[in-house]
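Here are the chains, one letter per residue:
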Amino acid sequence: MTRCGPGARAFSAQEIAGWYDADQGLIDKRIYVDPDIYELELERVFARAWNFMAHDSQIPDTGDYFVSYIGEDSVIVVRDDAGAVQVLLNTCAHRGNVVCRAEMGNTHSFQCTYHGWNFSLDGRLAAVPGSDPFYRGKLDRSRWGLAKAAKVESYKGFHFATMDPDAPPLADYLGEVGRIGIDQMAVHGELEAVDGVQKNLIDCNWKIAVDNLYDWYHVNVSHRSAMRVGFVNASVMQPMQQMVMLGEYGHAISGPGISEEQQQVIDGLPDAERARLDALSFEARAELAPRITERRPLRPKAVKAVMGPVGVRAMGHPNIFPNLWISTRALQLSLRIPRGPLQTEVWWFTFMPKHYDAQQRRMAMKFMSHSFGPAGLLEQDDGENWTCSTRAALGRVARRRPQNLQMALGEDQVRLDPSGQRSIETRVNEHAQRWHYRCWADWLKAASWDELKRSKSPVPAGRV
Ligand code: FES
Ligand SMILES: [Fe+2]
């Protein structure tokens, strides 16, 4: 039996398995509203997973810090005196007050505002007011530093942390699909985070916000107003040609894809023509793309070697399990941070390639700030749906009927490329959503990383 949180109910493995019916594609609605299930998620998903913390460009110098979350735990991501990135629990070792109240900045140390304990950039307790007169010299400072993440690692400048010492190395955790997700950003060249992370509280369960990022079914209905005003185009928002890549631990990429035939046309372009295209901005490449890829912008030639022959054709949305979405144009990251079962704080990080000129920056910023974030045309539509879907799950009668995730269930075949990369190439579908919930259940059932590694669902092959 599994019990989490003060007074939380215990759940058996069979009970957890019953929340998601993989054969039928059905979800028990209480996973969106039950406080005890939420406690289990904090313990077995967020406190165990590799969580995205910050990008290199946000903390370039000694003392630079950025405050983030691992589940409900506030953490400080800081570059210490030795140049290493530390992830420290933002909770004073004395009585639990926060030690950093700003969202980001630069400092020599962190001083708690309650009684003044002072912590160095690597979390050691450096000074205590009244150490001699009040503590009589008996407080052992070496035992009362800030708690730290068990591991901190980075991939291509993106720093992640886990609270579990048994977690596999970050590169293994990401696996091929997670790495391709981050590569989508990295291939833009050297990136700089734009100042200010947009933060927006939405009354919805975090999983509903995550499963929506794979959802290319809702766009023509939910976002019709954005289409009517000409902000987005229907063929871009819901192309028939879709492609899904499923990865270990629940990572996936889902959305538009470029067919093998289209890729052959791209690969066959003369070198001089490719070089000319590669030098263009995202917008300019998108303008040229319709004749080859139905408006998907061509990726620079060198990218194929990084992403592989299948990965380079995946143009959809990656999610690094549990809650990191690499979003539109691969220049934005969105975290869906849980705030209780009924609320999610959505964070938007925006990046600019350093080589963009002023005009390119203006165009990219305009599109991105008008799409997502608190003022985004698309996110306002989405947020309203997520709130209503979550609230409905509180209804005793509404909860008797499961949620339906049956689209294309059993209808598609996983293709195995000679390179070893797998893809599902099809129309609009719900393969990635089903994979997300299947893996989520694996995480909740397993009591340790060792058990999760042994018992997790294999990445699907054959019929899905
Ligand atoms: S709670 Fe931080 S110094 Fe007392
Ligand atoms: Fe949407």
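Residues numbered from 1 in each chain as written. Chains lettered and ligands numbered in written order. Predicted model: local features only at pLDDT ≥ 70, side-chain atom pairs only at ≥ 80, totals over all residues. Heavy atoms only, no water.

Student: Just to check I follow, could you spell out the domain arrangement of the protein for this structure?
Tutor: Bring the parts together and some accessible area is lost; that lost area is often taken as the interface size. Domain annotation of the protein identifies domain 1 (54–158) and domain 2 (171–455). Inter-centroid distance (C-alpha atoms) of domain 1 to domain 2 is 33 Å. Across the boundary between the two partners, domain 1 contributes 13 residues, which contact 20 residues of domain 2. Roughly 1,400 Å² of surface becomes buried between domain 1 and domain 2 when both sides are summed, with 67% attributable to carbon and sulfur atoms. Considering only the side of domain 1, the residues that lose the most area to domain 2 are Tyr69, Tyr155 and Phe158, jointly responsible for 38% of the buried surface there. (Domains from an automatic or database assignment. Contact = heavy atoms within 4.5 Å. Buried area = accessible area lost by both parts, 1.4 Å probe.)

Student: What should I look at first to understand the pairing of strand β25 (residues 422–426) in this one?
Tutor: Look at any regular strand and the pattern is simple: side chains alternate between the two faces of the sheet. Both strand β17 (residues 242–246) and β25 contribute to a ladder of 3 bridges, which runs antiparallel. Pairing of Gln242 across the sheet is with Thr426, part of β25. Where strand β24 (residues 415–416) meets β25, 2 bridges bridge the pair, whose relative direction is antiparallel. Within the sheet, the bridge partner assigned to Leu416 lies in β25 and is Arg422. The turn linking β24 back onto β25 is made up of 5 residues, and Gly420 within it adopts a positive phi angle of 95 degrees. (Pairing = 2+ DSSP bridges. Helix = DSSP H or I, 4+ residues; strand = E, 2+ residues; numbered from the N terminus.)

Student: Mind showing me how you'd approach helix α15 (residues 431–445) here?
Tutor: Quick reminder: α-helices carry 3.6 residues per turn. Residues three or four places apart thus point the same way. A rise of 1.5 Å per residue sets the reference length of α15, with its 15 residues, at 21 Å; its end C-alpha atoms lie 21 Å apart and thus fit the reference within 8%. Among the 15 residues of α15, 13 are classified as buried, and the element is accordingly described as predominantly covered. (Expected span 1.5 Å × (residues − 1). Buried < 20%, exposed > 50% of the residue type's maximum accessible area, 1.4 Å probe, protein only.)

Student: I keep staring at unusual backbone geometry and nothing clicks. Help me out?
Tutor: Across the chain, the bulk of peptide bonds are trans and the bulk of non-glycine residues have phi less than zero. With an omega dihedral of 5 degrees, the bond running from Phe321 to Pro322 counts as a cis peptide bond. With respect to the helices, strands and loops of the structure, Pro322 is situated in the loop between β19 (317–320) and β20 (324–326). In the Ramachandran plot, Lys156 falls in the positive-phi region, its phi being about 50 degrees despite a non-glycine side chain. Given a relative accessible area of 42%, Lys156 falls into the partly exposed group. Despite not being glycine, Tyr249 shows a phi value in the positive range, around 65 degrees. Topologically, Tyr249 is positioned in the loop between β17 and β18 (252–256). Judged by its relative accessible area of 8%, Tyr249 falls in the buried class.

Student: What is the right way to look at the coordination of the iron ion (ligand 2) in this model?
Tutor: Put simply, the ideal angle at a metal is 109.5 degrees for four donors in tetrahedral geometry and 90 or 180 degrees for six donors in octahedral geometry. Here the iron ion (ligand 2) is held by the protein donor atoms His218 (NE2), His223 (NE2), Asp382 (OD) and Asp382 (OD), which lie 2.1 to 2.5 Å from it. For the iron ion (ligand 2), the 4 donor atoms in the first shell make angles of 56 to 144 degrees at the metal, a pattern classed as irregular. Each donor residue of the iron ion (ligand 2) belongs to the same chain, with the gaps between them written as H-x4-H-x158-D. For the residue pair His218 and His223, the accessibility class agrees, reading buried in each case. (Donors = N, O, S within 2.8 Å, 3.2 Å for Na, K, Ca; no water. Tetrahedral: all angles 85-135°; square planar, octahedral: opposite > 155°, others 65-115°.)

Student: Can you walk me through the packing of aromatic side chains in this structure?
Tutor: Each aromatic ring pair is described using two quantities: the centre-to-centre distance and the angle formed by the ring planes. Within this structure, the stated rule accounts for 26 aromatic pairs. Aromatic pair Tyr249 and Trp449: ring centres 5.3 Å apart, planes at 80 degrees, arrangement edge-to-face. With a gap of 200 residues between them, Tyr249 in the loop between β17 and β18 and Trp449 in helix α16 (residues 449–455) connect regions that are remote in the sequence. With respect to class, Tyr249 is no different from Trp449; both count as buried. (Phe/Tyr/Trp six-rings, centres within 6.5 Å; stacked < 30°, edge-to-face > 60°.)

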